[in-house]
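Below are the chains, spelled out letter by letter.
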Amino acid sequence: MPPKPDDEEVAPPQRPPSPPIYTTFGVRGVHVPNFSAFNPRDYRFTGPHRMNHVAWNCDGKRLAAVGIDKVTRIWNPDKSMDVHKSQSFTGGHSEAVDYISWNPTHPDLFVTSSSTERKLVFWDARQSRNIQQVALKSYPMQTNYSPDGRTVLYNTSGHQLYFVEYGPGKDSVKESWATRDTPQMVASTAMFNHAGDGLVLTHHAEHQIRVVDYPSMSVNETTALAAHVGGCVAVALDPRGRYLASGGHDSIVNMFDLTDWICARTITSCEYEIKALSFSFDGEYLAIASSGNYVDICATETSEPLHRVPSPASAQTVAWHPNRYVIAYCGQTKHIEPTPTTPAVQSVPVVSLFGLLE
């Protein structure tokens, strides 16, 4: 993998061979947004605190961001992305916040995780105080809700997979979140399928993607997918249920057909390791965040690169809006040491939007 230069210029992605005619937008009657007409909107914050993750809620009216400053910020992008006009949720964490996930069944409910504190915090955006804190024995990193919003899986910094569930307690009929005993599973990333009866697991040092039945946690051996040479670090499910996208250290994105469980096509336009993947709400487009200072948007059915969005920093994550052609991503700009002729430039956290906001 080529070293990343300090003054990297964003090069246009290489185009793959022409796809079969029946997969093209014109034949299928799909109108492609003019992505080149949009400009990225970068919102910089004061201070050196990196933003770790951004996520849209289920109705797309709120965008949340978390980072190492211990604060969860929520905006309504239709009104303003000014940091001073965001809702700030504090008091739940005393250390860095690693991840945020919105409940897919309720636009106000979300969970945040902190691996340093070893806990999950559940929130309701309609009130400033958190609903519940769940202390853990492990170090939670990423989280993912089940489709019914009553289970949250989390993978740890030690690449283990665990669950918390919402239900009545042992000594009370009142429902709350509690840890669930499950067989120990190894995973660097994990997510529920759309039906909630299966999990997709990856590991940063394994070339295979594993599919596990839920809640039995039995491994489905017929759907083990050889995906990447240097380990798989990102996955995303097409909202139509047609494809599973995976990204790895090898800078390649594979698109697996979920009917035949085969690799239907490969996207090779990225030059750096993949960090995050996200499908658009209609499944037609895939956004790819990598270690490069850009986000690629590619066509799902053809793997054709459609647009490369320049970014002021390498994006830690990327997320499509649930019903618009808008992506959100975040990162941190580079610190530039002073020279005899130029002053030092401090690194700052950035949250960015790109696409048709109106």
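Above this text is the structure in question.
What counts as what
- Residues numbered from 1 in each chain as written.
- Predicted model: local features only at pLDDT ≥ 70, side-chain atom pairs only at ≥ 80, totals over all residues.
- Heavy atoms only, no water.
- Core = buried A, V, L, I, M, F, W, Y, C linked by side-chain atoms within 4.5 Å.
- Buried < 20%, exposed > 50% of the residue type's maximum accessible area, 1.4 Å probe, protein only.
- Helix = DSSP H or I, 4+ residues; strand = E, 2+ residues; numbered from the N terminus.
- Pairing = 2+ DSSP bridges.
- Axes fitted to C-alpha atoms, helices over the stretch in contact; angles between N-to-C directions.

The next subject is the nonpolar core. If you look at the biggest cluster of nonpolar residues, it comprises 18 residues, and the most contacted ones within it are Val295, Ile297, Val318, Trp320, Ile327, Tyr329 and Phe354. For this core, the secondary structure elements donating two or more residues are strand 23 (285-290), strand 24 (294-299), strand 26 (317-320) and strand 27 (326-332).

Bringing the sheet that holds strand 27 into the picture now. Judged by pairing direction, the sheet is antiparallel, and its four strands sit side by side in the order 1-28-27-26 without closing on themselves. Here the strands that pair on one side only, and so sit at the sheet edges, are strand 1 (41-44) and strand 26. When strand polarity is set aside, the average angle formed by the axes of neighbouring strands in this sheet is 15°. The sheet contact formed by strand 26 and strand 27 spans four bridges and is antiparallel.

Of all the six residues making up strand 22 (residues 274-279), five are buried; the element is thus mostly covered by neighbouring parts of the structure. As defined by bridge partners, strand 22 adjoins strand 23 across five bridges and the pair is classed as antiparallel. If you follow Ile274 over to strand 23, its bridge partner there is Ser290.

Read across the open sheet, the four strands follow the order 22-23-24-25; overall the sheet is antiparallel. Both edges of this open sheet fall to strand 22 and strand 25 (305-310), since each of them pairs with a single strand only. Between one strand axis and the next, the sheet turns by 20° as a mean value, whatever way the strands run.

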